[in-house]
Structures are given as structure tokens and as C-alpha cells.
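A structural walkthrough
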Amino acid sequence: MEELFELLRIPSVSADPAHTEDVRRAGEWVRDFIRSAGGEAELQATANHPLVIGEIRASENADTARTVIAYGHFDVQPPQPLEGWETPPFEPTVRDGWLYARGVADDKGQLYLLLKAAALLAAEGSLPVNVRFTCDGEEESGGHSIVDFLEADERGGDACVIFDGHLLKPGVPVFEIATRGIAYFHLRVRTGERDLHSGIFGGAALNATHALMQVLAAVLPRDGRVPEPLRAGIVRPSDEEIASWSELDTGAEVLAAQGARPADERAAEELYLRTWVEPAVDVHGLDGGSPHLQKTVLPVVAEANVSIRLVPGQDDKAIAAEMERLMREAAPEGAEVEIELLASAPAAVVPPEDPAIRLGQDAFERVIGARPLLLRVGGSLPVMSALEKKGVPTILTGFDLPEGNIHSPNERLRVEHIALGVATAQELYKSLAKLR
């Protein structure tokens, strides 16, 4: 625990320039851990935060042993709002069977499980695979460096393991075999030279906020479905896979557990379909005029962030271009619209029958006593699509729980899941050595 605490105490917030050196320190910690386990590792410079690229080689016959890529990220989300934390975010604290700290579940604590498992096996001379660690220092700030590295990497691996997910509930492991992609935009609309008095010019002059709302309306979903041009390429899962979702908690239960309200009357019933199989457009922020002070103006500038989540089968670049076209065409005459694509990544899917998935399920079942469910996830993980292009099957799983508060105050991980995660990772490395 104290070893893990060392890593968790480093405030490696990649989105905050004030913590640039802290992100580097966290990378150095990971590098030094790999070296202390008998491996080789280096910090690799990027345009932003560094990567850690390292390897702990198999204890015997390393030149012919299978190679497993282990991915994780050592940067974390900002801890704000600080007043929401019961204990300081970078001072690990154990309470009621939980370990609290920023990054303990997402993802420093879970990366540590993979590191420690390889180190323990190497120490006893029984590591059966080469473990290549590819660790990211900018995952939480939209960095693309790890994707560039993997795309250029000529060596690759026989499988990849990522502990950056969660158990469905205690004792119920999950492999997330598909992720959605994303295209994320920043919009800026200008409608004149200066703000105007709404009493004198209201109804006659363009209002930038109105224009922005009109632009966004062109891509927003109706009854849970985005406009048809943004649905191109969708590959629907098999009826068998969809039927298996009926064993999960109902959509109404999932929404209620998060304090969320359904978007429409069918949203709860279609929750898994909408978050795993359907593209989704969401507005993440709006800025225009004076939303807090009473001020009767026609704003001349309005801005927004908006994204579309993409599903397997969709071309992220083609859909991004189509989304930009729809927004530009919806702008009223006279409005100047600037649209910047901030990030883009395709969706990814691993065939459920892939041998790596089956061997991984075997390993989890031996340790936990339950075979992992094969589910999809609505979020985006660009590293998975980069690995898919290389033909490297990925096991995306983890030991967080839905109530682990990732990206929120009081992020936490069950203490018992630390030893359980290390033991399962060890068995996973042994199982993947059987890949042919």
C-alpha cells in the first residue's frame, strides 16, 4: 500500500500547466519501478507530456515468448471542486474498506496492478511473457502521443491488457470489447461588431446566441437518434449480443443510480442500445452574453463545445466532416461561424471469439470465480482503435466499481481489489502465454 501511495501522492494533472513537472515525476516513478523489477524503461518526450516505454522480459526463452502490451496512464483528472473532497485528493486515505485518492481508480491505481503483477512474477523467475509497458502521460487531456507511438511501432504484441475499467459489481468482472469513437468540436459564432441594446435592436439584428442555438440544433438528436447523415456506417451487434444485455440492470435503474433523468420516454428502455450501439451528440458547454447578471444585450459572440460519439463501423473523419457541413449549412445568413475539430478518434471492437478474450476469461474465472461478461462501453479510448489497426486484440477490464467516483471528488477503490487485481493480472499473464 505504501508503494502505491507514493505514486498517488504525485499530483500529475496533465490538463493544468502548473503540474507539468508533476506529470513528469509520475512518469519517472513508473520508469523507475519497471527498472527496479529488472526491466528496461525510458521516458519518451512528446510535444506535451512524456510517455513511459518499457519492458520486463519473460523469465525464460524471452526471444520466443509471447509479448503482452500493458497500457495505462499516469496522469489524472483535475481534483476540483476541492471542497467536495472529504480528505485531500493527493493524500491517500483508507476509510471503511475504500482507498481514497485522485487517480486511484483512473488510472494510476489500476496501472499499478499490472506493474506489480509483472514485477512479482519476474522476482520469482516465473514471468511467462514479455510485458511491454506503454504508459501515457496525457490521456486525461486529450493527448495523441500514445496513439502515434503505437501506429509507428513495428514490434507490436500478441495481445494488449488495459486495466482502466470496472467490475459490474463485486465479484462480477467485465471485458469491454467495444468502445465508441469521438469527434470533438469548438464552435464560435460572430454576428456583428459589438453587443447591442436589446430594446433598440432586438428582433432586427442578429443575436449570436440565437445563431449558435440554430447551428447546434442541426445536429442534436431527436427521440434518441442523431440526424441520418451522422448514422452512416453503423454496424449493429448480433441479436444474441443484444439479448444478453437483458441480464444487466435496467436502464431505469442505471439512470436512477446516477441521479440522472431520462432524455425522453424511451431513453431508459433503450439505454444500452443508445450508449453502446448508437452515435450520440452532446453539447458540453455554452458561452454567450450574460447568463448570470441581468444585462439586456444582443451578444455579438457565442461559443460552444460539442461532440459526437461514434460507433463501430463509422469513419470518424467522414462523420466529422458531415457534422461540420450540417452545422455550417444551418447558420443564419450573416453569421460568421468558426468550427475547430479539437479531437477525433474512431471506435474499436474486438471479436468476442478472439483467443485472447477467451484465455483472459479463463484467467479471471480461475481467480475471481466468475467468467467476465462481454460488454460494450460508451466512452472512447483511442489506444484501442490504434491497436485494432495493428491487429492486436485488447482486453479492456479493471477493478473499479460503478460507485468509484472517477472524475469526481472522493475517487476511490476497494482496498480488497488491490490484492485481487494483482493476483488476477498475474494469472492473466500466465494465461496469455498460451496464445498461438
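Here the structure is shown first, and the text comes after it.
Residues numbered from 1 in each chain as written. Predicted model: local features only at pLDDT ≥ 70, side-chain atom pairs only at ≥ 80, totals over all residues. Heavy atoms only, no water.

Overview of the overall build of the chain
Along the chain, the regular secondary structure elements total 13 helices and 18 strands. Taking 22 Å as the expected radius of gyration for a compact globule of 436 residues, we find that the chain reaches 23 Å, a close match to that expectation. Judged by the C-alpha coordinates and their principal axes, the chain covers about 80 × 50 × 45 Å. Counting across all 436 residues of the chain, residues that qualify as buried make up 52%. A sequence separation of at least 24 residues applies to 79% of the contacts in the chain between residues at least 6 apart. With the model as given, the accessible surface of the chain reaches about 19,500 Å², and the carbon-plus-sulfur share is 49%. Computed over 41 positive and 69 negative side-chain charges, the separation of the two mean positions in the chain equals 1 Å. (Helix = DSSP H or I, 4+ residues; strand = E, 2+ residues; numbered from the N terminus. Rg over C-alpha atoms; globule rule 2.2 N^0.38 Å. Buried < 20%, exposed > 50% of the residue type's maximum accessible area, 1.4 Å probe, protein only. Contact = heavy atoms within 4.5 Å. Areas by Shrake-Rupley, 256 points an atom, 1.4 Å probe, with all protein chains shown as cover. Lys, Arg positive; Asp, Glu negative; His and termini not counted. Charge placed at Lys NZ, Arg CZ, Asp CG, Glu CD.)

Regarding the sheet that holds strand S15 (residues 348-349)
Consider a sheet: its strands pair through backbone hydrogen bonds, and that pairing is either parallel or antiparallel. Taken in spatial order, the 3 strands line up as S15-S8-S16 in an open sheet, and their pairing is mixed. Taken across any chain shown, the strands that pair with only one partner, and hence form the sheet edges, are S15 and strand S16 (373-377). Relative to S15, strand S8 (residues 174-179) is paired through 2 bridges, and the arrangement is antiparallel. In the sheet register, Thr 179 faces S15, and the bridge partner there is Ala 348. Contacts from helix H11 (residues 355-368) reach S8 and S16 within the one sheet, and its direction differs from that of S8 by about 155 degrees. (Pairing = 2+ DSSP bridges. Axes fitted to C-alpha atoms, helices over the stretch in contact; angles between N-to-C directions.)

A few points about empty space enclosed by the protein
Think of a ball as big as a water molecule: rolled over the atoms, this probe shows where empty space is left. Scanning the entire structure with this criterion turns up 1 cavity of 30 Å³ or more. Lining the largest cavity, in full, are Ile 69, Leu 150, Asp 153, Gly 156, Gly 157, Leu 387, Lys 390 and Val 392. (1 Å grid on protein atoms, 1.4 Å probe; cavity = no way out; pocket = protein on both sides within 12 Å on 5 of 7 lines; lining within 4 Å. Points joined across faces, edges and corners; volume = space filled by probe spheres on them.)

Some words on the state of the cysteines
All chains considered together, the criterion is met by 0 disulfides. This cysteine, Cys 135, is not joined by any disulfide, and Cys 160 carries the nearest cysteine sulfur, 10 Å off. Assessed through its relative accessible area of 0%, Cys 160 is described here as buried. (Disulfide = S-S within 2.5 Å.)

Concerning the nonpolar core
Ranked by internal contacts, the top residues of the largest apolar core, which has 82 residues, are Val 30, Phe 133, Phe 163, Tyr 429 and Leu 432. When residues in this core are grouped by element, the largest group, 9 residues, is from helix H3 (residues 108-123). Core analysis: the second largest hydrophobic core is formed by 27 residues, Ala 183, Val 215, Leu 326 and Met 327 among them. (Core = buried A, V, L, I, M, F, W, Y, C linked by side-chain atoms within 4.5 Å.)

Notes on the side chain of His 417
With respect to the helices, strands and loops of the structure, His 417 is situated in helix H13 (residues 416-432). If near-sequence neighbours (up to four positions away) are discounted, His 417 is found in contact with Leu 113, Leu 167, Phe 399 and Leu 401.

Things to note about the pattern of salt bridges
With the rule as written, the count across this model stands at 32 salt bridges. For Arg 414, the salt bridge goes to Glu 416, with nearest N and O atoms at 3.9 Å. Residues participating in the shared-partner salt-bridge network are Arg 225, Glu 228, Arg 231, Asp 264, Arg 266, Glu 270, Arg 274 and Glu 278. (Salt bridge = Lys/Arg side-chain N within 4 Å of Asp/Glu carboxyl O.)

Examining the pairing of S8
Counting buried positions along S8 gives 6 out of 6 residues, so the element sits mostly inside the fold. Strand direction decides the pairing type here: S8 and S16, joined by 5 bridges, are parallel. Opposite Glu 176, over in S16, you have Leu 375 as the bridge partner.

Quick look at the layout of surface pockets
Approximately 320 Å³ is the volume attributed to the second largest pocket. Lining the second largest pocket are 16 residues, with Glu 240, Glu 241, Ser 244, Pro 352 and Leu 374 sitting closest to its centre. Counting residues per element, the ones that place at least two in the lining of the second largest pocket are helix H7 (239-244) and S16. A total of 4 residues in the lining of the second largest pocket trace back to one element, the largest contributor, which is S16. Residue composition of the lining of the second largest pocket, grouped by class: 9 nonpolar, 2 polar and 5 charged. (Nonpolar A, V, L, I, M, F, W, Y, C, P; charged D, E, K, R; others polar.)

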